[in-house]
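Summary of structural features
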Amino acid sequence: MTKPKIFIAGHKGMVGSALFRLLETKEVEIITKDRSQLDFLNQIEVQNFFRNERIDQVYLAAAKVGGIHANNTFPAEFIYENLMIETNIIHNAFLGKVKKLLFLGSSCIYPKNANQPMKEEELLTGKLEPTNEPYAIAKIAGIKLCESYNRQYGESHGIDYRSIMPTNLYGPGDNYHPENSHVIPALIRRFHEAKVNKLPNVMLWGTGKPKREFLFVEDMARASVHIMNIDKKVFYEHTSSMCSHINVGSGKDISIKELAEIIKNIVGYAGEINFDKKKPDGNLRKFLDSERINKLGFQSLTSFKDGLKETYNDFLNINEKI
């Protein structure tokens, strides 16, 4: 029996690398391409790749990502690059006769004032959070691309393109950039540098009151493979043709203030935590309803503190000289 040929788009990113580690343990052939080998923004390059490689499955984990500061500073880049990546890959996967594809999105697709916890049906029911609207619109477009291709070509061409929407992810391979990172890697770096430099306090953005849900990236990889391999009939018993995306979260949320205290202790920083209340908080709460994926047989396994310890060790390995 021939092994399925699987392309991981974005294999060097946090999610893509976790997917690679997991799929390496399966009976599959994994295909990856560095940015120097394949530019996802270049339609012709992507078209030629799918025409030549004869891929069976695609995990679309490639994206331009960042935190509040990055989204506010580079909105044009965030909407353009993400739209181009997903459009080029999804369309040319179809032209290349790829039957199965999984698009990885983000919980920022839901309205700023969505009911909590956020069910999949909350999509497009209200205005988005302004700080990451361009990125969110691109991710919504990715979902609708998958649904539209399924609706038009699902029966005639036998394709099955699915979407999974994770809550806030963290773990090995994250981006620890001092300005363009998400909250957990940003806090890890801030507290570590404060410890090394013996600073008396650390100033954080916002009030510390917003609550966030976090999912360890290895659990996200497991959820992705799980969703990709669910029987088509079973999958569509739990979804609909125009609401086919699946949430995946840990089932627990925590305030930014509590998160900061936990990371402070894991890092071993002894100073004070202060909050700059003039800076934006973002949404006051972002908590996914994961009932649908739970009914489909998935549960997250990693405890939050264990995941944070592993993430801090990853940071130390990457930044030995800090």
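Everything numeric in this text was worked out from a predicted model, so none of it was measured. (Residues numbered from 1 in each chain as written. Predicted model: local features only at pLDDT ≥ 70, side-chain atom pairs only at ≥ 80, totals over all residues. Heavy atoms only, no water.)

Looking at the overall build of the protein
The helix and strand inventory of the protein stands at 11 helices and 12 strands. In terms of overall size, the protein behaves like a compact globule, its C-alpha atoms giving a radius of gyration of 20 Å where 322 residues would be expected to give roughly 20 Å. The buried share among the 322 residues of the protein stands at 51%. Contacts in the protein between residues far apart in sequence, at least 24 positions, make up 81% of those at least 6 positions apart. With an accessible surface of roughly 15300 Å², the protein has 50% of that area assigned to carbon and sulfur atoms. Averaging the coordinates of the 43 positive side-chain charges in the protein and doing the same for the 39 negative ones gives two points 2 Å apart. (Helix = DSSP H or I, 4+ residues; strand = E, 2+ residues; numbered from the N terminus. Rg over C-alpha atoms; globule rule 2.2 N^0.38 Å. Buried < 20%, exposed > 50% of the residue type's maximum accessible area, 1.4 Å probe, protein only. Contact = heavy atoms within 4.5 Å. Areas by Shrake-Rupley, 256 points an atom, 1.4 Å probe, with all protein chains shown as cover. Lys, Arg positive; Asp, Glu negative; His and termini not counted. Charge placed at Lys NZ, Arg CZ, Asp CG, Glu CD.)

Details of the side chain of Ser 255
Along the chain, the position of Ser 255 falls in strand β10 (residues 253-255). The class of Ser 255 is buried, set by a relative accessible area of 11%. Among the polar contacts listed, one links the side chain of Ser 255 to the backbone nitrogen of Glu 258, at a separation of 3.0 Å. Those residues in contact with Ser 255 that lie beyond four places of it in its chain are Gly 208, Lys 209, Pro 210 and Lys 211. (Polar contact = N/O pair within 3.5 Å; in protein donor to acceptor, adjacent residues only side chain to side chain.)

Focus: the side chain of Asp 314
Here Asp 314 lies in helix α11 (residues 304-318). This buried residue, Asp 314, is left without a salt bridge; Arg 21 holds the nearest opposite charge, at 7.4 Å. Dropping the residues within four chain positions of it, Asp 314 is found in contact with Gly 171, Pro 172, Gly 173, Asp 174 and Tyr 176. (Salt bridge = Lys/Arg side-chain N within 4 Å of Asp/Glu carboxyl O.)

Points about the nonpolar core
Residues Phe 7, Phe 40, Phe 50, Val 58, Ile 89 and Tyr 161 are the most contacted members of the largest nonpolar core, which totals 39 residues. For this core, the secondary-structure elements that each account for two or more residues are β1 (5-9), α2 (43-53), β3 (57-60), α4 (75-95), β4 (100-104), α5 (133-157) and β5 (160-166). Beyond its immediate sequence surroundings of up to four residues, Val 58 is in contact with Phe 7, Phe 50, Ile 89, Ala 93, Val 98, Lys 100, Leu 101, Leu 102 and Met 228. (Core = buried A, V, L, I, M, F, W, Y, C linked by side-chain atoms within 4.5 Å.)

A short note on the packing of aromatic side chains
All told, the structure shown has 15 aromatic pairs when counted by the stated rule. With 5.7 Å between their ring centres and 40° between their planes, Phe 191 and Tyr 269 make a pair best called tilted. Linking Phe 191 in helix α6 (residues 183-196) with Tyr 269 in the loop between α9 (256-267) and β11 (272-276), this pair joins segments that are 78 residues apart in sequence. Ring pairs connect the aromatic residues Phe 7, Phe 40, Phe 49 and Phe 50, which therefore count as one cluster. Above the ring of Phe 78, the side-chain terminus of Lys 64 is found at 5.3 Å from the ring centroid. Geometry around Phe 235 places Arg 162 over its ring, the cationic atom sitting 4.1 Å from the centre. (Phe/Tyr/Trp six-rings, centres within 6.5 Å; stacked < 30°, edge-to-face > 60°. Lys NZ or Arg CZ within 6 Å of the ring centre and 35° of its normal.)

Digging into the layout of surface pockets
Of the volumes computed, that of the second largest pocket is approximately 240 Å³. Elements with a contribution of two residues or more to the lining of the second largest pocket: β8 (211-216) and β10. Among the elements that take part in the lining of the second largest pocket, β8 stands out by supplying five residues, more than any other. Grouping the constituent residues of the lining of the second largest pocket by class yields six nonpolar, four polar and five charged. (1 Å grid on protein atoms, 1.4 Å probe; cavity = no way out; pocket = protein on both sides within 12 Å on 5 of 7 lines; lining within 4 Å. Points joined across faces, edges and corners; volume = space filled by probe spheres on them. Nonpolar A, V, L, I, M, F, W, Y, C, P; charged D, E, K, R; others polar.)

Observations regarding the environment of Ile 6
By the element assignment, Ile 6 lies in strand β1. Considering only alpha carbons, one finds Ile 6 and Val 28, 22 residues apart in sequence, at a separation of 7.0 Å. Dropping the residues within four chain positions of it, Ile 6 is found in contact with Leu 23, Val 28, Glu 29, Ile 30, Ile 31, Gln 57 and Tyr 59.

Let's talk about α4
Taking 1.5 Å as the rise per residue, α4 with 21 residues should run 30 Å; its terminal C-alpha atoms sit 30 Å apart, in good agreement. Listing the buried residues of α4 in full gives Phe 78, Asn 82, Ile 85, Glu 86, Asn 88, Ile 89, Ile 90, Asn 92, Ala 93 and Phe 94. Where α4 terminates, the next one or two residues include Lys 97, which has phi positive at roughly 65°. (Expected span 1.5 Å × (residues − 1).)

The values reported here are purely geometric and, on their own, carry no functional implication.
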